[in-house]
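# Analysis of the macromolecular model
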Amino acid sequence: MNEKQRKELNQVNPVDPVEKSEQDNLSRIKEKTSDDFMKYFEATYEPPNMKKAKKRLKKEVQYHDDFEIPEELATIGEGRKFLIRTYGCQMNEHDTEVMSGILTEMGFEATTETKEADIILLNTCAIRENAENKVFGEIGHLKPLKMENPDLIIGVCGCMSQEESVVNKILKKYQYVDLIFGTHNIHRLPQLVQNAYLSKEMVVEVWSKEGDIIENMPKRRHGKIKAWVNIMYGCDKFCTYCIVPYTRGKERSRRPEDIIQEIRHLAAQGYKEVTLLGQNVNAYGKDLDIDYGLGDLMDEIRKIDIPRVKFTTSHPRDFDDRLIEVLAKGGNLMPYIHLPVQSGSSDILRVMARRYTRESYLELVRKIKEAIPNAALTTDIIVGFPNETNEQFEETISLYHEVGFEGAYTFIYSPREGTPSARIDDKISMDEKKERLQRLNAVVNEYSRKAMEKYDGKTVKVLVEGTSKKNAKVLAGYTERGKLVNFEGPKSAIGEIVEVKITNTKTWSLNGKIVEKAASEQVEVI
Ligand code: SAH
Ligand code: SF4
Ligand code: F3S
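For the structure given in this document, a descriptive report is provided here. (Residues numbered from 1 in each chain as written. Chains lettered and ligands numbered in written order. Predicted model: local features only at pLDDT ≥ 70, side-chain atom pairs only at ≥ 80, totals over all residues. Heavy atoms only, no water.)

### Looking at the overall build of the chain
The condition is simple: Here a strand is any run of E in DSSP of at least two residues, a helix any run of H or I of at least four, and the numbering for each starts at the N terminus. Note on classification: 1.4 Å probe, protein chains only; a residue is buried when its accessible area is under 20% of the maximum for its type, exposed when over 50%, partly exposed between these limits. Two residues form a contact once any of their heavy atoms are found within 4.5 Å. Accessible areas in this description were obtained via Shrake-Rupley with a 1.4 Å probe; residue shielding takes into account the shown protein chains only.
Across its full length, the chain carries 16 helices and 21 strands. Counting all 526 residues of the chain, 56% fall into the buried class. Nonlocal contacts in the chain, meaning residues at least 24 apart in sequence, comprise 77% of its contacts between residues at least 6 apart. Looking at the chain as shown, the accessible area adds up to about 24000 Å², and 47% of this sits on carbon and sulfur atoms.

Shown next, in the form of structure tokens:
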């Protein structure tokens, strides 16, 4: 770390001179009018605050199995249609499945047509500024629809709603929005929808109180082949650039028996793949009273009769030997690991508060590759963290070469209000950052293409998900290592795992031919 970065890191440690009440701020003003809210807001505005948020670590998790939709609310949706637009990560995708489940039980019918919808929810993401801009753009697009049809309910939920600055902006600029709620009170959807129908004012209910897990909410899953299963919620890692610990609250694990029961149920329903979800799945179990981690959980899930099990997202810091040992047992545990590195420079990693170094990351990769040969590794990288030098960026490139990742999501750093790194006076220009991103993406593409080329002429197992987006005659699915395969085959193969011989490789996908049963007996399948 250079002297300048060290100084800036000291400056970014958040200082909170005024200790305000621990109590939830926004929930106290629920259902007030916009004017009341504005007065309240001006008096109490507080951006995300790491020091305060860290105090939550010791709070107890409460488990609930008593979710129900009151009888009088179970018919509100009859004759009405809903549409939920989802932004952001798998966590949001899955929350959308829960909200769809609740709305369906209230009598609403799903639609994909904006014009047909009686209620539109935007399930938002706050991870980068452009994610937020997309949502504000969409709220703007909905205005004419609301003018045409004043009975339409427009709701904003998800991670952006947990930010007071966003709620403020909606109250000021988008007064035709009817409902705002956050990530911790999805179970209140029936009452919130009712309030939105009854109230002339915008209904705002956002909880900063987290810590509860509600087990028995209905879910309307997207499809019958692959399913998301939450194993934990929240994040306590507090990487200095990241908004998630504030929008999703503290880490809390579901009880192992609840997770296993859900997966058994999915297996019985014929699902072929589950993806275990959490912002930092390797921290699974740390908050439970028992000595039990992700490795132990996977070791039990491995015995369930479901063909494919994956998990996301891993944090390198908590990826322990027990997990590697269990993953190495193979079977239904897929040899595909998404392991975000963020940067190849130990100095930048330290300022990011990632709690590992370039060397310890490489050592982890070595152990994984040794235990699970041919495991596909992918990653996330942030380019242009404040004052990242060109040499530090080059360390990211060299780490990429050293690991040989098969794919990566790459992002330009986006300052998030209230996070420690947003206070750094960044001297690196946006043009420089864009140029670095291009350089990195060229390397990412090269490695992806090379990873695909290895499959040329080989036979792979593909879980067929449907027809290709571009050509209805072509089927599409994924290999055990997460590669997209397009091939010609009968529609009856959808939902099945079939063998496909690869005939042509591209940068991001493979093309192939379905292998007839008799022929497949003689080939090696990878
Ligand atoms: N919990 C996961 C990632 C969640 S967010 C993890 O720790 O790996 C997904 C990705 O968004 C992150 O891995 C990071 O690469 C990126 N990201 C998060 N905050 C960002 C920010 N402020 N600017 C740019 N990218 C960011
Ligand atoms: Fe954000 Fe992931 Fe870090 Fe948590 S572990 S703070 S979600 S980047
Ligand atoms: Fe975005 Fe929230 Fe996920 S900020 S990435 S939707 S946890």
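### Here we look at the site of ligand 2
This is how it is decided: Think of it this way: one heavy atom of a residue within 4 Å of a molecule or strand is enough to make that residue near it. Nonpolar residues are Ala, Val, Leu, Ile, Met, Phe, Trp, Tyr, Cys and Pro. Charged residues are Asp, Glu, Lys and Arg, and all others, Gly as well, are polar.
Around ligand 2, the neighbouring residues are C235, K237, F238, C239, Y241, C242, V244, P245, Q279, H315 and R354. In the shell around ligand 2, the residues fall into seven nonpolar, two polar and two charged.

### Quick look at the nonpolar core
The tendency in soluble globular proteins is for nonpolar side chains to be buried as a group. The cut-off we apply is this: Within this scheme, the nonpolar core is defined by two criteria: the residues are buried Ala, Val, Leu, Ile, Met, Phe, Trp, Tyr or Cys, and they are joined through side-chain atoms within 4.5 Å.
Counting residues in hydrophobic clusters, the biggest one holds 70 residues, and the most contacted among them are L276, M298, F311, F319 and I368. Once residues lying within four places of it in the same chain are set aside, the contact partners of M298 are L276, V309, F311, L323, V326, L327 and L333. L83, I139, V156 and M160 belong to the second-largest nonpolar core, a separate cluster that totals 34 residues.

### Here we look at the pattern of salt bridges
For clarity, the threshold we go by: For this analysis, a salt bridge means a side-chain nitrogen from Lys or Arg found within 4 Å of a carboxyl oxygen belonging to Asp or Glu.
Tallied over the entire structure, the rule returns 36 salt bridges. Between D321 and K367 there is a salt bridge, with its nearest N and O atoms 2.9 Å apart. One end of the pair, D321, is in helix α11 (residues 321–327); the other, K367, is in helix α13 (residues 358–371), with 46 residues separating them in the sequence. Residue class for K367 comes out partly exposed when judged on its relative accessible area of 27%. Among the ionic contacts, a cluster of salt bridges with common partners joins D296, D299, R302, R322, E325 and K329.

### Overview of the site of ligand 1
Worth spelling out the cut-off: Distance and chemistry together define a polar contact, namely a pair of N or O atoms within 3.5 Å, with one atom able to donate a hydrogen and the other to accept it when in protein, and with adjacent residues in sequence counting only for side-chain atoms on both sides.
Residues in contact with ligand 1 amount to 15 residues; listed here are only the nearest, Q279, P340, Q342, D380 and S414. The separation between a nitrogen atom of ligand 1 and a polar main-chain atom of Y241 is 3.0 Å. Here Q279 contributes a backbone N or O atom positioned 2.6 Å from a nitrogen atom of ligand 1. For ligand 1, whose accessible area on its own is 540 Å², the fraction buried by protein is 90%. Here the residues of the shell around ligand 1 sort into seven nonpolar, four polar and four charged.

### Section: the packing of helix α9 (residues 256–268) against helix α10 (residues 294–301)
Two measures define how a pair of helices packs: the angle their axes make with one another and the distance between the axes. This is how it is decided: Axes here mean lines fitted to C-alpha atoms, for a helix over just the part in contact, with angles spanning 0 to 180 degrees between N-to-C directions. Orientation is classified from the angle alone, with under 35 degrees giving roughly parallel, over 145 giving roughly antiparallel, 65 to 115 giving roughly perpendicular, and any other angle giving oblique. Handedness of a helix crossing follows the sense of rotation of the near helix relative to the far helix, less than a right angle counterclockwise being left-handed and clockwise being right-handed.
The interhelical angle for the contact between α9 and α10, taken along N-to-C directions, is 30°, at an axis separation of 11 Å. Taken together, α9 and α10 sit at an angle that is classed as roughly parallel. The handedness of the crossing between α9 and α10 is right-handed. Each of P256, I259, I260 and I263 in α9 lies in contact with α10, whose residues at this interface are L297, E300 and I301. Residues that form the contact of α9 with α10 fall into these classes: six nonpolar, no polar and one charged.

### Some details on the packing of helix α4 (residues 90–105) against helix α7 (residues 189–198)
One can describe the packing of α4 onto α7 by two numbers: an axis separation of 10 Å at closest approach and a directional angle of 65°. Of the two possible hands of crossing, α4 and α7 adopt the one that is right-handed. Taking contact as the criterion, the partners of M99, I102 and L103 in α4 are, on α7, L189, P190 and V193.

### Examining the packing of aromatic side chains
Basically, it comes down to this: Only Phe, Tyr and Trp rings take part, Trp by its six-membered ring, and two of them pair if their centres are within 6.5 Å. Stacked means planes under 30 degrees apart, edge-to-face means over 60, and tilted covers everything else. Either the NZ atom of lysine or the CZ atom of arginine qualifies as a charge over a ring when it sits within 6 Å of the ring centre and within 35 degrees of the ring normal.
Counting across every chain of the model gives 10 aromatic pairs. Between Y356 and Y361, the aromatic rings sit 5.9 Å apart at their centres with planes inclined by 35°, giving tilted as the arrangement. Looking at Y356, the relative accessible area reads 7%, which means it is buried. By relative accessible area, Y361 is classed as buried at 1%. Three or more aromatic residues joined by ring pairs form one cluster here, namely Y356, Y361, Y400, F405 and Y447. The ring of Y197 carries the charged tip of R80 above its face, separated from the ring centre by 4.0 Å. One cation-aromatic arrangement involves R128 over F411; the distance from NZ or CZ to the ring centre is 3.7 Å.

### Describing the sheet that holds strand β12 (residues 273–277)
As a reminder, the rule being used: Two strands make a pair as long as DSSP finds a minimum of two bridges between them.
Spatial strand order, β9-β12-β13: three strands in an open sheet with parallel pairing. The open sheet has two free edges, formed respectively by β9 (226–230) and β13 (308–312), since each of these has just one partner strand. Strand after strand, the sheet turns through a mean of 25° between neighbouring axes, direction not considered. Note: β9 against β12, five bridges, orientation parallel. Opposite V229, over in β12, you have L276 as the bridge partner. Relative to the sheet, α4 contacts β9, β12 and β13, its axis offset from that of β9 by approximately 100°. Relative to the sheet, α9 contacts β9 and β12, its axis offset from that of β9 by approximately 170°.

### Quick word on the pairing of strand β21 (residues 509–514)
Of the pairings in the sheet, the one linking strand β19 (residues 484–488) to β21 comprises five bridges and is parallel in character. When the sheet's bridge partners are listed, F487 is paired in β21 with G512. Hairpin geometry of strand β20 (residues 497–505) and β21 is characterised by an intervening segment of three residues between the two adjacent antiparallel strands.

### Brief notes about the sheet that holds strand β3 (residues 109–110)
Strand order in the open sheet made by the six strands is β3-β2-β4-β5-β6-β7, with parallel pairing throughout. In this open sheet, the two strands that pair with only one neighbour each are β3 and β7 (203–205). Direction of pairing for strand β2 (residues 81–86) relative to strand β4 (residues 119–124): parallel, over a ladder of five bridges. Along β4, the bridge assignment pairs I84 with L121. Here α4 sits on the sheet in contact with β2, β4, β5 (153–158) and β6 (179–181), set at roughly 170° to β2.

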